[in-house]
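Next come the chains, spelled out residue by residue.
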Amino acid sequence: MSKNADRLFHAARKAMEFSHSPYSMFPVGAAILAKNGEVYAGCNIENASYPEGWCAETSAIAHMIGSGQNQIVEMAVIAAKMPGATPCGGCRQRIAEFAKSTTPVHLCNNDGVTETVLLGDLLPKSFSFEE
Ligand code: THU
């Protein structure tokens, strides 16, 4: 596993510990390596009005944007109960806003990265105003 992949896996797994998911009981963590070299992590956060919760990837993006960064270099996602979980459709679009089709997305189990896929393979022909 590359050093960045390992770092992102550990950050995502740590964030997953903070997941607030008492309704789905499905904790998720995500971590982003931004262009400045910093890692921004996040977890899914649910509430009693079920559709109003949001995903770990969305939390990580909010953390990155709120810290003044807007370029995702690599990222990792982990769901304790689903080894190899990929970002949901909505999150793929949110990730695409700040990443390239060649951006690596590391999929994990509880021990580390199991597979690395490119965002362009997760979201081909994405809707974008960029050329
Ligand atoms: N979830 C994520 O955090 N990321 C995904 O990519 C898929 C789903 C969350 C949303 C909800 O809190 C729980 O997982 C079950 O769907």
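Notes on the structure in this doc start here. (Residues numbered from 1 in each chain as written. Predicted model: local features only at pLDDT ≥ 70, side-chain atom pairs only at ≥ 80, totals over all residues. Heavy atoms only, no water.)

A word on the overall build of the chain
Now for step 1: Along the chain, the regular secondary structure elements total four helices and five strands.
Now for step 2: Starting at the N terminus and ending at the C terminus, the chain contains elements arranged as α-β-β-α-β-α-β-β-α.
Now for step 3: Projecting the C-alpha coordinates of the chain onto the three principal axes gives extents of approximately 40 × 30 × 25 Å.
Now for step 4: Out of the 131 residues in the chain, the part that is buried amounts to 39%.
Now for step 5: Residue pairs at least 24 apart in sequence account for 60% of intrachain contacts in the chain once pairs closer than 6 positions are excluded.
Now for step 6: Of the roughly 7300 Å² of accessible surface on the chain, 54% is carried by carbon and sulfur atoms.
Now for step 7: For the chain, the centre of its 10 positive side-chain charges and the centre of its 13 negative side-chain charges are spaced 3 Å apart. (Helix = DSSP H or I, 4+ residues; strand = E, 2+ residues; numbered from the N terminus. Buried < 20%, exposed > 50% of the residue type's maximum accessible area, 1.4 Å probe, protein only. Contact = heavy atoms within 4.5 Å. Areas by Shrake-Rupley, 256 points an atom, 1.4 Å probe, with all protein chains shown as cover. Lys, Arg positive; Asp, Glu negative; His and termini not counted. Charge placed at Lys NZ, Arg CZ, Asp CG, Glu CD.)

What about the sheet that holds strand β3 (residues 72–79)?
Now for step 1: Spatially, the five strands line up as an open sheet ordered β2-β1-β3-β4-β5, and their pairing is mixed. The open sheet is flanked by β2 (39–43) and β5 (112–118), the only strands paired with a single partner. For this sheet the average axis-to-axis angle between neighbouring strands, irrespective of direction, equals 20 degrees.
Now for step 2: Judged from the seven bridges that link them, strand β1 (residues 28–34) and β3 form a sheet pairing that is antiparallel. Residue pairing in the sheet places Ala31 in a bridge with Ala76 of β3. (Pairing = 2+ DSSP bridges. Axes fitted to C-alpha atoms, helices over the stretch in contact; angles between N-to-C directions.)

Some remarks on helix α1 (residues 3–17)
Now for step 1: Look at α1: 22 Å from first C-alpha to last across 15 residues, which is about the 21 Å you get at 1.5 Å a residue.
Now for step 2: Among all positions of α1, only Ala5, Leu8, Phe9, Ala11, Ala12, Ala15 and Met16 are buried.
Now for step 3: On its buried face, α1 sits against β1, β2, β3, β4 (104–109) and β5. (Expected span 1.5 Å × (residues − 1).)

Observations concerning the side chain of Asn44
Now for step 1: Structurally, Asn44 can be placed in the loop between β2 and α2 (56–66).
Now for step 2: Polar side-chain contacts of Asn44 include one of 2.9 Å to the backbone oxygen of Phe26.
Now for step 3: Engagement of the side chain of Asn44 in a polar contact is seen with the backbone nitrogen of Val28, the distance being 2.9 Å.
Now for step 4: With residues up to four places along the chain from it excluded, the contact list for Asn44 reads Ser19, His20, Ser21, Phe26, Pro27, Val28, Trp54, Cys55 and Ala56. (Polar contact = N/O pair within 3.5 Å; in protein donor to acceptor, adjacent residues only side chain to side chain.)

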